[in-house]
Amino acid sequence: MSETNIKRKQLFIFLLIAYGVTYLMGILMWYGSTASLELSAFPNAQMMYPAAGVMLAYVLTERGERKLTRWFYGIFLLMTVLMAVLAVLSVLAPESIIQLPGGEFTLWALVQQFVLIGGSLLCWIALLLDGKGRRKACGLGWRNWKPSLFCILLFLLLYFGRTGISYALTGQAGFLVEILTGPEAWSYLLFMPVNFILAFAAFFGEEYGWRYYLQPILQERFGVRTGVLILGVVWGLWHLPCDFFYYVTPDKGLIMTTSQIITCVTLGIFFAFAYMKTENIWVPVILHYMNNNLAPVIANTYSADVLENQEVTWGMVPASLVMNGLLFGFFLLAKEFRGRKVPE
């Protein structure tokens, strides 16, 4: 089989898993929403599908051409299957709600958290067992410490800067300072590095699919800038089931989808910039983790369901477009987007 045909087959497998499974599970999410069931198990499982699609594509087509991280890939794929099964069970065999300090969980969602934590720890061990050569061959090595740290710190500056501006525009300029100086925020922030170690697999699941695999393909086909913009739309539409049945109620799904695409396009520009600057997939993984897990801090709501049933309106969309476009879209002008080779 020619290299071109192999790449086409890999892309087909990736899309089949990343999108096919996601939208198929979306049917169950729709059913669960009509029955007012708890659906938190679905977003957690969905984050795993893009990387699983890449891994299956490589395993089924490479046949020895690439030294694959066999232990890491194997554990991650097993985790993905277990997470998906537990999501299905949360709808087909719903259990009573379990009240914990972090919020309310169904039995299956709680078991899923144990799978995520245990699997993430095993994945770290697997990365060591697979060795440096295999990690490098699969794009899993840590590279370029200084630019990597720079991108992480820059993202934090932009993230909190955006939040500060948003609060200032609503006449609450001092609220962010009040939040960040509170003991609850500091306790949460200090625990975030530990939580990353325990739950990194979910965020890796998205970034290995979007940034490591699909971004270079789209950039080669459509150009460095346009490829990233298309990826943002593709990434945004991938969230469709969650946009309609988890983040908001179905009647506000279109608003959430529009907002999601804006977020994914603009945030995707910065993630792409960071990945091209560092050639280190772990940087977008860390950025994605921080973006999601800082939400309880800026919302001052330390609850497991902080992302569920959000309040959104069409009036919020233009502000999101302007704010995110200026802060993150600005990086389209960075030198990394000007005629450079895409990451390998």
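Source: prediction; values computed, not measured. (Residues numbered from 1 in each chain as written. Predicted model: local features only at pLDDT ≥ 70, side-chain atom pairs only at ≥ 80, totals over all residues. Heavy atoms only, no water.)

1. Comments concerning the overall build of the protein chain
In terms of helices and strands, the protein chain carries 14 helices and two strands. Taking 344 residues into account, the globule formula puts the C-alpha radius of gyration at 20 Å, and the protein chain, at 20 Å, falls close to it. Projecting the C-alpha coordinates of the protein chain onto the three principal axes gives extents of approximately 60 × 50 × 35 Å. A buried classification covers 50% of the 344 residues belonging to the protein chain. In the protein chain, the proportion of contacts linking residues at least 24 apart, taken out of those at least 6 apart, comes to 82%. With the model as given, the accessible surface of the protein chain reaches about 16,300 Å², and the carbon-plus-sulfur share is 68%. The centroid of the 23 positive side-chain charges in the protein chain is displaced by 17 Å from the centroid of its 20 negative side-chain charges. (Helix = DSSP H or I, 4+ residues; strand = E, 2+ residues; numbered from the N terminus. Rg over C-alpha atoms; globule rule 2.2 N^0.38 Å. Buried < 20%, exposed > 50% of the residue type's maximum accessible area, 1.4 Å probe, protein only. Contact = heavy atoms within 4.5 Å. Areas by Shrake-Rupley, 256 points an atom, 1.4 Å probe, with all protein chains shown as cover. Lys, Arg positive; Asp, Glu negative; His and termini not counted. Charge placed at Lys NZ, Arg CZ, Asp CG, Glu CD.)

2. Considering the side chain of Asn324
Within the secondary structure, Asn324 is located in helix α14 (residues 316-327). Using a relative accessible area of 6% as the deciding quantity, one classes Asn324 as buried. Discounting chain neighbours no more than four positions away, the residues touching Asn324 are Arg162, Thr266 and Gly329.

3. Some thoughts on the packing of helix α8 (residues 183-222) against helix α11 (residues 253-278)
Between α8 and α11, the shortest axis-to-axis distance is 11 Å and the interhelical angle comes to 85°. Considering their axes alone, α8 and α11 lie roughly perpendicular with respect to each other. Note on element contacts: α11 touches α8 through Gly268, Phe271, Ala272, Tyr275 and Met276, opposite Glu207, Arg211, Tyr212, Gln215 and Gln219. Of the residues assigned to the contact of α8 with α11, the class counts are five nonpolar, three polar and two charged. (Axes fitted to C-alpha atoms, helices over the stretch in contact; angles between N-to-C directions. Parallel < 35°, antiparallel > 145°, perpendicular 65-115°, else oblique. Nonpolar A, V, L, I, M, F, W, Y, C, P; charged D, E, K, R; others polar.)

4. A few points about α14
Taking 1.5 Å of rise per residue, the 12 residues of α14 would be expected to cover 16 Å, and the 17 Å separating its terminal C-alpha atoms lies within 8% of that figure. By the burial criterion, the buried members of α14 are Val317, Ser320, Met323 and Asn324. End-on, the buried residues of α14 take up no more than an arc of 140°, which puts them together on one face. Tucked inside the fold, the buried residues of α14 contact α6 (145-169) and α11. (Expected span 1.5 Å × (residues − 1). Arc of directions from axis to C-beta.)

5. A look at the packing of aromatic side chains
One pass over the full model with this rule turns up 36 aromatic pairs. Summarising the aromatic geometry, the rings of Phe14 and Trp210 are spaced 5.9 Å apart at their centres and angled 85° between planes, so their arrangement reads as edge-to-face. With Phe14 in helix α1 (residues 3-34) and Trp210 in helix α8, this pair connects stretches of sequence that are 196 residues apart. We classify Trp210 as buried; its relative accessible area is 0%. Arranged with centres 4.1 Å apart and planes meeting at 35°, the rings of Trp124 and Phe200 form a pair that is tilted. Taken as a pair, Trp124 in helix α5 (residues 107-137) and Phe200 in helix α8 lie far apart in primary sequence, 76 residues in all. Given the relative accessible area of 25%, Trp124 is considered partly exposed. Pairwise contacts between aromatic rings join Phe72, Tyr73, Phe76, Trp124, Phe196, Phe200, Phe203, Phe204, Tyr208, Tyr212, Trp282 and Tyr289 into one cluster. (Phe/Tyr/Trp six-rings, centres within 6.5 Å; stacked < 30°, edge-to-face > 60°.)

6. Digging into α11
The first and last C-alpha atoms of α11 sit 35 Å apart over 26 residues, in line with the 38 Å expected at 1.5 Å per residue. Within α11, 21 of the 26 residues are buried, which leaves it mostly tucked inside the rest of the structure.

7. Section: unusual backbone geometry
The phi torsion at Asn144 lies on the positive side, around 55°, for a residue other than glycine. Within the secondary structure, Asn144 is located in the loop between α5 and α6. A positive phi angle is found at Glu279, which is not glycine, with a value near 50°. Tracing the backbone shows Glu279 in the loop between α11 and α12 (282-293).

8. Details of the nonpolar core
Formed by 106 residues in total, the largest nonpolar core has its most connected members in Phe72, Phe204, Tyr208, Phe270 and Phe337. Here this core takes 15 residues from α8, the largest share from any one element. Setting aside residues up to four positions removed in sequence, Phe337 forms contacts with Val224, Arg225, Val228, Ile269, Ala272, Phe273, Met276, Phe331 and Leu332. (Core = buried A, V, L, I, M, F, W, Y, C linked by side-chain atoms within 4.5 Å.)

9. Quick word on the environment of Ile179
Among the structural elements, Ile179 can be located in helix α7 (residues 175-180). Since its relative accessible area comes to 5%, Ile179 is described here as buried. Each C-alpha atom, one on Ile179 and one on Ala299, is 8.9 Å from the other, the two residues being 120 residues apart in sequence.

10. Side note on the confidence of the model for the protein chain
Of the residues in the protein chain, 93% have a pLDDT of 70 or more, and the chain-wide mean is 90. The element-level mean pLDDT for the protein chain is lowest in strand β2 (residues 103-105), coming to 63, with helix α9 (residues 224-238) highest at 97. (pLDDT = per-residue confidence, 0-100.)

11. As for the packing of α8 against α12
The contact between α8 and α12 brings their axes to 7 Å, and the two run at 120°. With respect to α12, the element α8 is oriented oblique. By crossing handedness, the relation of α8 to α12 is classed as right-handed. Residue-level inspection shows Tyr188, Met192, Asn195, Phe196, Phe200, Phe203, Phe204, Glu206, Glu207 and Arg211 of α8 in contact with α12, the latter providing Trp282, Pro284, Val285, Ile286, His288, Tyr289, Met290, Asn292 and Asn293. Partitioning the contact of α8 with α12 into residue classes produces 12 nonpolar, four polar and three charged. (Left-handed = near helix turned anticlockwise from the far one by under 90°.)

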